2 protein chains.
Amino acid sequence: MIDPAGPVPPADPKEHLARIADSISRDMDQLLAELKAPERLVAAMRHAVLAGGKRLRPVLVLEVAHMLTASTHSKTQLPPGAPQIAMAVECIHTYSLIHDDLPSMDDDDLRRGQPTVHKAFDEATAILAGDALQTLAFELVATCGHPKTPMMVRDLARAAGADGMVGGQMLDLAAEGRFGQATTIGDTYALAAMQAMKTGALIEVACSLGAHLALAPEEERQRVARFGQSLGLAFQISDDLLDVNATAEQAGKRTGKDEAAGKTTWPGLLGVEGAQKALDASLGDALTALEPYKEAAAPLQFLAVSLKDRTI
Amino acid sequence: MIDPAGPVPPADPKEHLARIADSISRDMDQLLAELKAPERLVAAMRHAVLAGGKRLRPVLVLEVAHMLTASTHSKTQLPPGAPQIAMAVECIHTYSLIHDDLPSMDDDDLRRGQPTVHKAFDEATAILAGDALQTLAFELVATCGHPKTPMMVRDLARAAGADGMVGGQMLDLAAEGRFGQATTIGDTYALAAMQAMKTGALIEVACSLGAHLALAPEEERQRVARFGQSLGLAFQISDDLLDVNATAEQAGKRTGKDEAAGKTTWPGLLGVEGAQKALDASLGDALTALEPYKEAAAPLQFLAVSLKDRTI
């Protein structure tokens, strides 16, 4: 599957991924610096976007695009429009964090070690900054100049919308009993289904968008989407474990809050050891999906495996 | 400019426009009935979208597309994708109403004679219903199947985003002194500039999208965009006048609230009579932009002129 004349895998995948994450942060900084809009609105958008974060989703866009461009076209450079698509996914992710943190939602004061947007600014500004970041995401896709633009807008919208990320947040709130009667999430199947919408859909579509960028055949897109699904599940299990194991200082956000809120979690359903086994299983699935790409998949393999000892 | 063999103008433009508005309402009803998403989220989206309303923006999309298709291509049927684009613009408009009505924004309990979404449901559901409607708008554009899809996503995003509708709401809140120091809007220039972003941009882009749908030459797009700008200004002046003159029962929302909030309005700056003159002037500009289309412009002319005696 992989071209033997393809790129040499990076000697240090961790450094390689960190370099990509840095380039995304710089691109986003520049994007927001050039944004023509009311000052306070831009400041709130910057606060949320530039507070740090792992840039997991945009890294997936770029790394999948890179891997499949090498594999499908024996080219090593990124396809045109790739930075725009990576930033678009990060804009959607950041908007969802701003809105989820609001007092009427999860009511969080701390995010990535910083005050949340409604704390640093105010609620109205936070709602509008989230709204504007969602719009900006679609403007970025629309103007990326790639022939698959309509398909990429469609897939990103479906992942982010009522049947994806937003719907998942709705189910999560319902499970907390926020709308009168709690719709209990009582088993791993229901938990995985809710999380597949709330966080999985965006992680999966990041991989799909990388495949669209690479003009990869549909079969390849489906393969990397499966990688994204398994990685998304692993990510969520590791997130639940982090909430149990890490201190707030380590995690940069309030921890232990799942238990306090009576939320159903992987450690809650399976115990810490059982959750660690479930994490291993989903990482195994993710790595299996990458097998055809051999050494070109090294950075994505590293990224997946590193979920095992997350501290942030 | 207009093809002499073009369509006969509708005998009753009022009935013609009402029929278009009805068809949009039916399309939106069906769209939401088919939406796969958590029940409460869909119910909140339905509550907002189907509460009525004049469907001004989607009517503009369809009527401009119709007029320019007749004028440019001597065809009378709507171009493919037109209903999707019309619905997309209405989804953006409705999402903005839901978010603007929130307690941390304008704190309104009544909209189109119905409880606002956060009153009928709750704040979290209202935020998510607005978010999902924005996403749905871009999904609709992405899947409309029209060759100008990327351009239409871009233009809609620019009109709705930080330098358009969302930025305008930010400026409006700032002018109320919501962020510490009030940035007073002291003259008609500043008022028109804020309103051009907050409400004008979406009305203008509705006309532009109609031109894109019709594959009209850029010169035509600019002409109908100018019509949209003038109409947007007229609409806002008439809205300010309505707030002074109408009862809440007539308007279907709280009235007299501009004065209560100390907002700068057209009647506030110019007096009721002065504002009525400004309304006439902007309607004159709107009608001038329509002149080349002669009788094919009859429905849009009627729509513009009817802003003079709005009661809703």
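Higher on the page you've got the structure.
To start, this report covers the structure provided alongside it.

Moving on to unusual backbone geometry. One non-glycine residue, Arg55(A), lies in positive phi territory at about 60°. For Arg55(A), a count of 24 C-beta atoms within 10 Å puts it in the buried group.

A few words now on the relation of the copies chain B and chain A. One copy of the chain maps onto the other through a rotation about an axis plus a displacement along that axis. The operation relating chain B to chain A is a screw motion whose rotation component is 180°, with 0.0 Å of axial translation and a residual RMSD of 0.0 Å. Each copy turns onto its partner about a two-fold axis. Residue Pro150(B) of chain B places its C-alpha closer to the rotation axis than any other residue of that unit, at 3.1 Å. Looking at chain B, 100% of its interface residues are interface residues in chain A too, so the copies touch through the same face.

Turning next to the packing of helix α13 (residues 266-290) of chain B against helix α14 (residues 298-305) of chain B. Residues and elements named next belong to chain B. The geometry of α13 relative to α14 is characterised by a closest axis approach of 10 Å and an angle of 175° between their N-to-C directions. Taken together, the axis directions place α13 and α14 in an arrangement best described as roughly antiparallel. Across the interface between the two elements, Leu 283, Ala 286, Leu 287 and Leu 290 from α13 touch Leu 300, Gln 301, Ala 304 and Val 305 from α14. Residue classes in the contact of α13 with α14 are distributed as 7 nonpolar, 1 polar and no charged.

Below, the discussion takes up the environment of Met165(A). Residue and element names in this part refer to chain A. Along the chain, Met 165 falls in helix α8 (residues 165-175). With 28 C-beta atoms packed within 10 Å, Met 165 lands in the buried category. Measuring from C-alpha to C-alpha, the distance between Met 165 and Gln 195 comes to 8.8 Å, with 30 residues separating the pair along the chain. For Met 165, the contacting residues outside a window of four places in its chain are Ser 96, Ala 159, Ala 160, Met 197, Lys 198, Ala 201 and Leu 202.

The rules we used
Residues numbered from 1 in each chain as written. Chains lettered and ligands numbered in written order. Predicted model: local features only at pLDDT ≥ 70, side-chain atom pairs only at ≥ 80, totals over all residues. Buried ≥ 20, exposed ≤ 12 C-beta atoms within 10 Å, placed from the backbone. Least-squares fit on C-alpha atoms with pLDDT ≥ 70 in both. Contact = placed C-beta atoms within 7 Å. Axes fitted to C-alpha atoms, helices over the stretch in contact; angles between N-to-C directions. Helix = DSSP H or I, 4+ residues; strand = E, 2+ residues; numbered from the N terminus. Parallel < 35°, antiparallel > 145°, perpendicular 65-115°, else oblique. Nonpolar A, V, L, I, M, F, W, Y, C, P; charged D, E, K, R; others polar.

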